[in-house]
Amino acid sequence: MFVDIVSTSAIAQAPIPPQSIPMPKAAPKNRDGASDTQKGPMTTGAMQQPPTPFIPDPHRNLPLSIFATFDDKQKAQAAKISNYLSSLQTLVGNFVQVGPDGSKSKGQFFIQKPGKVRFEYDPPNPTAIVADGSMVAVRDRNLDTQDLYPLSQTPLRYLLSDRIDLMKDTNVVSVTADDMYVSVTIEEHQLLTGTSRLMLMVGAKDGQLKQWTVTDPQGYDTTVAVYNLDTSKKVDPGMFKIDTAEKTFPPG
């Protein structure tokens with residue numbers, strides 16, 4: 001996806017103007033499972049240690065026909081995740097990102113619905129990503145560049161929707177559950193870029209967001225695990241402003 005970012009195709013499927021962020025060429029490393037380290041209410045308190053992201057099996061992408069129908073339990077699980085996502089209005093926390101080549105980045109994120117998000121990466125990563133409700137800007141402070149993308153064509157827009165019913169509003173191709181996670185996979189097909197997937201994972205016990213994985217049309221995964229989640233913290237609206245003329249946005 002991006003160079004040390006949340007993923008180019010994760011953030012955008014159709015850039016405007018037509019320019020691209022360098023795509024990693026290394027094939028994804030072998031995936032190993034990991035324990036779920038996030039528990040407890042989504043409020044401020046003792047800071048949690050960064051979790052080890054669960055890296056999905058790279059061979060998991062199965063034909064659509066296998067997931068043509070869902071039983072009542074799967075529908076109920078998807079509805080529960082839909083209600084949880086719809087209940088969120090603001091969300092602040094930390095993240096650990098694993099890129100397609102196995103590289104890791106950390107940082108902090110801020111969500112304000114509908115449509116606004118900011119990802120700040122810890123140094124030395126110079127990247128910040130901001131969505132203002134209609135556009136997404138990917139800023140590299142070292143290069144003094146800013147690339148703009150339409151929010152409407154990003155898989156992560158589902159996380160930023162004010163209200164969502166996954167079964168009705170998206171193309172759900174998989175609903176699975178185990179002792180640790182309930183996972184819903186959404187598939188999107190764009191005429192210009194191809195098929196991408198977004199897998200959302202919540203805790204099986206606490207029902208809170210744990211991570212997401214974006215699979216780009218080339219089959220590369222970018223996984224973002226989140227922790228230290230806070231739904232009560234007020235977020236400065238100015239953090240989501242994008243100045244397209246100056247190619248800048250306010251610091252975090």
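What you see is a predicted model; the values in this text were computed from it and never measured.

Novice: What am I meant to see in the sheet that holds strand S1 (residues 90-98) here?
Specialist: In a beta sheet, neighbouring strands pair by backbone hydrogen bonds and run either parallel or antiparallel. Taken together, the eleven strands give an open sheet; going across it, the order is S6-S5-S4-S3-S2-S1-S11-S10-S9-S8-S7, and neighbouring strands pair in antiparallel fashion. Of all strands in the sheet, those bounded by a partner on one side alone are strand S6 (145-150) and strand S7 (172-177). The average undirected angle you get between the axes of adjacent strands in this sheet is 20°. Note that strand S3 (residues 116-121) and strand S4 (residues 127-132) share five bridges and pair antiparallel.

Novice: I tried to follow the pairing of S4 on my own but got confused; where do I start?
Specialist: The side chains of a regular strand alternate between both faces of the sheet. Most of S4 sits out of view: five of its six residues are buried. The hairpin turn running from S3 into S4, its antiparallel successor, is five residues long. Adjacent in sequence and paired antiparallel, S4 and strand S5 (residues 135-140) are bridged by two residues, among which Gly133 carries a positive phi angle near 110°.

Novice: What's the story with the packing of aromatic side chains in this structure? I'm lost.
Specialist: The geometry of an aromatic ring pair comes down to the distance between the two centres and the angle between the two planes. This model, assessed by the stated rule, comprises five aromatic pairs. For the ring pair Phe54 and Tyr181, a centre distance of 5.7 Å and an interplane angle of 45° mean the geometry is tilted. A residue pair is termed long-range when its members are at least 10 positions apart, and Phe54 in the loop between helix H1 (8-11) and helix H2 (72-87) and Tyr181 in strand S8 (residues 181-190) qualify at 127 residues. Classification of Phe54 by relative accessible area gives partly exposed; the value is 25%. Assessed through its relative accessible area of 5%, Tyr181 is described here as buried. Between the aromatic rings of Phe109 and Phe119, the centroid separation amounts to 6.3 Å while the plane-to-plane angle is 35°, which identifies the pairing as tilted. Here the residue Phe109 occupies a position in strand S2 (residues 104-112), and Phe119 occupies one in strand S3, the gap between them amounting to ten residues. Taken individually, Phe109 and Phe119 each receive the classification buried, so the pair is uniform in this respect.

About the cut-offs
- Residues numbered from 1 in each chain as written.
- Predicted model: local features only at pLDDT ≥ 70, side-chain atom pairs only at ≥ 80, totals over all residues.
- Heavy atoms only, no water.
- Pairing = 2+ DSSP bridges.
- Helix = DSSP H or I, 4+ residues; strand = E, 2+ residues; numbered from the N terminus.
- Axes fitted to C-alpha atoms, helices over the stretch in contact; angles between N-to-C directions.
- Buried < 20%, exposed > 50% of the residue type's maximum accessible area, 1.4 Å probe, protein only.
- Phe/Tyr/Trp six-rings, centres within 6.5 Å; stacked < 30°, edge-to-face > 60°.

Worth remembering: the numbers are spatial, not functional.
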